[in-house]
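# Examination of the molecular architecture
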Amino acid sequence: MFFNRHSERSDGVYRIDKIEGMKVLKFGGSSVVSAENILKVKAIVEASPENRIVVVSALGGVTDMLVQACTSAANGTGEHAKILSEVEQCHLSVAKTLIKPQNQGHVLSELKVLLNELEDYLQSIARLKELTPKLQDYVLSFGERMSSFLLSEVIDGAVLMDSRHLIKTDASYSNAKVDFDKTNALCKAAFAKLANRAVLPGFIASTVDGDTTTLGRGGSDYTAAIYAAAIGASSLEIWTDVDGFLTADPRKVEKAYPIKHMSYLEVFELSHFGAKVIYPPTVHPVLAAKIPMWVKNTFNPSAAGTLVDAEVDMTSKQPVKGISSVDDIALLTLQGVGLTGVSGISKRLFGALGEGKVSVVLISQASSEQSITFAIIPQSVSAARQLINEEFSAEMELGTIELKVEESASIIAIVGENMKRMPGISGKLFNALGKNGINVVAIAQGSSELNISTVIKKVDLRKALNVIHEAFFLSGYKEIHLFLAGIGLVGSNLLQQIHSQKENLLKEHRLKINLIGIMNSKKMLVNTNGIPLDNVKGELEVKGASLNAAEFTRRASEANLRNSVFVDCSASADVAAMYEDMLKEFVSVVTANKIACSSEYSRYQNLQELSRSRGLKFLYETNVGAGLPVLKTIDDLLLSGDKIVKLEAVLSGTLNFIFNTISEEVSMSKAIKLAKEKGYSEPDPRIDLSGIDVLRKILILGRESGYPLEREDVVVATFLPVSCFETPDIDSFFAAVEKLDADFEQRRKALYAQGKRWRFVASLENGKAGIGLQEVDASHPFFNLQGSDNIITLYTERYNALPMVIKGAGAGAAVTASGVFADIVSVVNL
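Small disclaimer: the values here were computed from a predicted structure and weren't measured.

### Observations concerning the overall build of the protein
- For the protein, the count of helices and strands is 30 helices and 34 strands.
- Principal axes of the C-alpha set define a box for the protein whose edges measure 115 × 70 × 55 Å.
- Here the analysis covers contacts within the protein between residues at least 6 apart in sequence; of these, 72% occur between residues at least 24 apart.
- When the accessible surface of the protein is totalled, it reaches about 35800 Å², and 50% of it is carbon and sulfur.

### Some remarks on the side chain of Thr 223
- Locating Thr 223 in the fold gives a position in helix H7 (residues 219-231).
- Those residues in contact with Thr 223 that sit more than four places away from it in its chain are Val 55, Ser 163, Ile 167, Pro 201, Gly 202, Phe 203 and Leu 215.

### Re the sheet that holds strand S11 (residues 212-214)
- Within the open sheet, the three strands sit side by side as S8-S10-S11. Their pairing is mixed. Every other strand in the sheet has two partners, leaving strand S8 (168-169) and S11 as the edge strands with one partner each.
- Relative to strand S10 (residues 204-207), S8 runs parallel, the two sharing two bridges. Note on S10: the bridge partner recorded for Lys 168 is Ser 206.

### Concerning the packing of helix H2 (residues 62-75) against helix H5 (residues 133-154)
- Here H2 crosses H5 at 150°, and the two axes come no closer than 9 Å. In terms of orientation, H2 lies roughly antiparallel with respect to H5. Here the hand of the crossing between H2 and H5 comes out right-handed. Judged by residue contacts, Val 62, Thr 63, Leu 66, Val 67 and Cys 70 of H2 engage Gln 136, Val 139, Leu 140, Gly 143 and Glu 144 from H5.

### Examining the pairing of strand S32 (residues 768-776)
- Sheet topology places strand S30 (residues 714-716) next to S32; three bridges connect them, and they run parallel. Bridge assignment links Val 714 to a residue of S32, and that residue is Ala 769.
- Here nine bridges tie strand S31 (residues 757-765) to S32, and the two strands are oriented antiparallel to one another. By the bridge assignment for S32, Val 761 is matched with Gly 772.
- The loop that links S31 with its antiparallel partner S32 comprises two residues; one of these, Asn 766, has a positive phi angle of about 55°.

### Observations regarding the pairing of strand S6 (residues 51-56)
- Counting buried positions along S6 yields six of six residues, so the element is predominantly enclosed.
- Bridge analysis of strand S5 (residues 23-27) against S6 gives five bridges, and the strand direction is parallel. Looking at S6, one finds that Lys 23 is bridged to Asn 51.
- Relative to strand S9 (residues 197-201), S6 is paired through four bridges, and the arrangement is parallel. By the bridge assignment for S9, Ile 53 is matched with Ala 198.

### Regarding helix H22 (residues 630-639)
- Residues of H22 that are buried: Val 630, Leu 631, Thr 633, Ile 634 and Leu 637. Each buried residue of H22 sits inside an arc of 160° when the element is viewed along its axis, so together they form one side.
- Lining the buried residues of H22 we find strand S29 (644-650), helix H26 (692-704), strand S33 (789-796) and strand S34 (804-809).

### Details of the packing of aromatic side chains
- Enumeration according to the criterion identifies 20 aromatic pairs in this entry.
- Each ring, one from Phe 27 and one from Trp 239, has its centre 5.9 Å from the other, and the planes form 20°; the classification is stacked. Note that Phe 27 is positioned in strand S5 and Trp 239 in strand S12 (residues 235-240), a separation of 212 residues in sequence.
- The class for Trp 239 is buried, based on a relative accessible area of 4%.
- On the numbers, 6.4 Å between centres and 85° between planes, the contact of Phe 719 with Phe 744 is edge-to-face. Taken together, the residues Phe 719 in the loop between S30 and helix H27 (722-725) and Phe 744 in helix H29 (residues 741-753) connect sequence positions 25 residues apart. Comparing Phe 719 with Phe 744 shows no difference in burial state: the two are buried.
- Ring-pair connections join several aromatic residues into one group, and the members of that group are Phe 483, Phe 552, Phe 566, Tyr 579, Phe 618 and Tyr 620.
- When the ring centre of Tyr 752 is taken as origin, the NZ or CZ atom of Arg 748, which lies over that ring, is 4.9 Å away.
- Across from the ring centre of Phe 783, 4.2 Å away, lies the NZ or CZ of Arg 757, which sits over that ring.

### Here we look at the nonpolar core
- Ranked by internal contacts, the top residues of the largest apolar core, which has 84 residues, are Ile 53, Phe 191, Leu 236 and Ile 414.
- Broken down by element, the residue count for this core peaks at nine residues, all from H7.
- Ranked by size, the runner-up nonpolar core spans 79 residues in total, among them Phe 483, Val 624, Ile 700 and Phe 734.

### Quick notes on the side chain of Glu 470
- Here Glu 470 lies in helix H14 (residues 461-472).
- The class of Glu 470 is buried, set by a relative accessible area of 12%.
- A polar atom in the side chain of Glu 470 sits 2.7 Å from the side chain of Lys 255.
- A polar side-chain atom of Glu 470 sits 3.3 Å from a polar atom in the side chain of Arg 562.

### A few points about the confidence of the model for the protein
- Looking at the protein as a whole, its pLDDT mean stands at 91, while 97% of the residues score no less than 70.
- Contacts for the low-pLDDT stretch residues 1-16, under 50 throughout, to residues beyond four places or in other chains number 48 contacts.

### Digging into the sheet that holds S32
- The strand order across the open sheet built from six strands is S30-S32-S31-S29-S33-S34, with neighbouring strands paired in mixed fashion. At either end of the open sheet lies a strand with only one pairing partner, and these are S30 and S34. Within the sheet, the average angular offset between the axes of one strand and its neighbour, ignoring direction, is 20°.
- Judged from the six bridges that link them, S29 and S33 form a sheet pairing that is antiparallel. Across the sheet, Val 650 pairs through a bridge with Ile 791, a residue of S33.
- Helix-sheet contacts for H22 involve S29, S33 and S34, and the interaxial angle to S33 is about 10°.
- Strand contacts of helix H23 (residues 653-661): S29, S31, S32 and S33, with the helix running at about 150° to S31, the strand carrying the most contacts.

### Observations concerning the packing of helix H10 (residues 345-355) against helix H11 (residues 381-391)
- Following both chains from N to C, one finds H10 and H11 inclined at 135°, their axes separated by 9 Å at the closest point. What the angle tells us is that H10 and H11 run oblique. The handedness of the crossing between H10 and H11 comes out as right-handed. Counting all contacts with H10, which are made through Arg 348, Leu 349, Ala 352 and Leu 353, the residues of H11 involved are Ala 384, Leu 387, Ile 388 and Glu 391.

Rules behind the numbers
Residues numbered from 1 in each chain as written. Predicted model: local features only at pLDDT ≥ 70, side-chain atom pairs only at ≥ 80, totals over all residues. Heavy atoms only, no water. Helix = DSSP H or I, 4+ residues; strand = E, 2+ residues; numbered from the N terminus. Contact = heavy atoms within 4.5 Å. Areas by Shrake-Rupley, 256 points an atom, 1.4 Å probe, with all protein chains shown as cover. Pairing = 2+ DSSP bridges. Axes fitted to C-alpha atoms, helices over the stretch in contact; angles between N-to-C directions. Parallel < 35°, antiparallel > 145°, perpendicular 65-115°, else oblique. Left-handed = near helix turned anticlockwise from the far one by under 90°. Buried < 20%, exposed > 50% of the residue type's maximum accessible area, 1.4 Å probe, protein only. Arc of directions from axis to C-beta. Phe/Tyr/Trp six-rings, centres within 6.5 Å; stacked < 30°, edge-to-face > 60°. Lys NZ or Arg CZ within 6 Å of the ring centre and 35° of its normal. Core = buried A, V, L, I, M, F, W, Y, C linked by side-chain atoms within 4.5 Å. Polar contact = N/O pair within 3.5 Å; in protein donor to acceptor, adjacent residues only side chain to side chain. pLDDT = per-residue confidence, 0-100.

In structure tokens form, the structure reads like this:
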């Protein structure tokens, strides 16, 4: 050990001559909560001769127990005796486990002295029924005094030192202010003589008169930083229960990950806005003294941890370093015409709050000067209201100023030094929140551009943190939360495809799809923890409740999950009626159900506008052509400035299958039955045979092409008599068609003799639409259409000589499900 003759003053923190080769280590309550954990601490400390100064918090949970004991004693409930017994048992158990039997007498005796003194003070509080801040500080000091004593007995060669002899403060009990001149001088004298290791209690200090004070909750970090700065330590290590500073709170954001390097200012901002890893005042001493600080994990010491120093990595492509939150705040707004153009309002407002010791967390003011909004902790609302009412009583009587209070709010802050002069950060933040239905109540950003803070409703906090994390951090994966209606052929195929692609989606595309809700025509089930994809029908049958569409929507809204998508694989009008409510609750909609988009044009328009205005997706590519990219192609053409002049299409895979299948061996009625058996047709094939399905598709194509078509605008020519569609049930329908089999076979032979085939064609030209059976010869592009394939020919202003042709499988549960799957993925990949 030697001294480097160098001294400086910076930001009011005096740095003494540097003592080389010393590290300061601090261990929090979770690191010393049990005997097992204390052995981990021992191993870490003894691993390097540089680990010289060890600062320790109270054993995990003990400080809270001591606070409860003080309160109980002052209130006369008598619970303090029981709490004291728990504190005693906690410490004695650790001592008996860790200390060799031959040495236990001394250790247990010392602990008993401390515990007896603690009991005396609690009894005094109980008798007086009074608890002063000074007395509470002294009672709380026992937690760190006992833990540091225990640790000094466990670490080889360690000596116990009392922080109250080294750190001197004023008499602001419970949050004392440090006198750095006196403190640094005492530290220099004490640590210059240190031959081995010292263990010291964190959190506690004393006045110049020797009265015990505390440095505020979390003050053990601050204690360690004071020592590190005072001696010019080679580094400060904060040992906790996480692998360093994380990009967000892992209890709220599962995909949060450790940050390798941060600047002092970034750490200070994140700590101020709720990050619990480091107590905010800790940063000041090490920043002033330029001491590098590491945040490490006691339970994973080999992890790299986070290095905190003065350097800023300007080459980083990641502008935001971390996200933090203050979970529960109240938002107060002073507003009215009495603020406009009047000087001194802010001084009066914050002066009154300062006099009343009300701490302000955030301030936001509009340039109109008609309001000042600020955030405080909920416990201060009553005091703040009284102080403001008194200060502005005259204006309030005149009605020119009023105070508005909003509770149950949260602050989210994104922090990063590389945010400076980086355009688009705010836009990305508010876009991520907006498209997930999260309203921003207030905004604050300083000219340093280091921090953007937003105030939101507390109920949206977890969702907001996750969507912001997904927006700014590319690690981990994105998640989609599905609410699925319909588990028939298409729905079941969709679930099978998602299940089989689960690992590939996560590995190759960093995408995880969670099934949260499921409903069929009779039952529904919502589980925010997820429904197993390999047993959906079983889960619905066993755990499902009776179907209630409104309740299903309410629960989707109540789940409040980011990237929520309602998927309709049914053919139900009742399910289609749910879309508006889902979109209003900021749930995107993906549908294979054609009913909504082919209903009244005004409703079609409303669904489009509703999704756009909320930044959501309303996707229905499979409404036409199953998995074929028909609607997307038309949309791209129109976006590029082209215009659809004419289109012709075979849009029913069912009807194309039927007309390709009928032959001498397969009659019309039998071909229809085959289509139903293979899943090409609707459960009720009359829908396909009547042309309703094709009518819906041409309506959608026309609307997507820019024509405001209504159903009555489409000319429909059916190829079966109306009487077939008036049958009471499906069996009667098939019986009616069987009577027509001979006639169809005669017509088919005559048609084939001419080298022609039947195709059920939908057409649109200059805004006029029609559907009907046509005879096509070998020169027509529809002639060789196989199986259940669809074909669409698009004539546009650019494709006017030869049309654009889209052709492929246009029916079947698997291809339709794949189209729905693609729409689901595109919700988050835009």
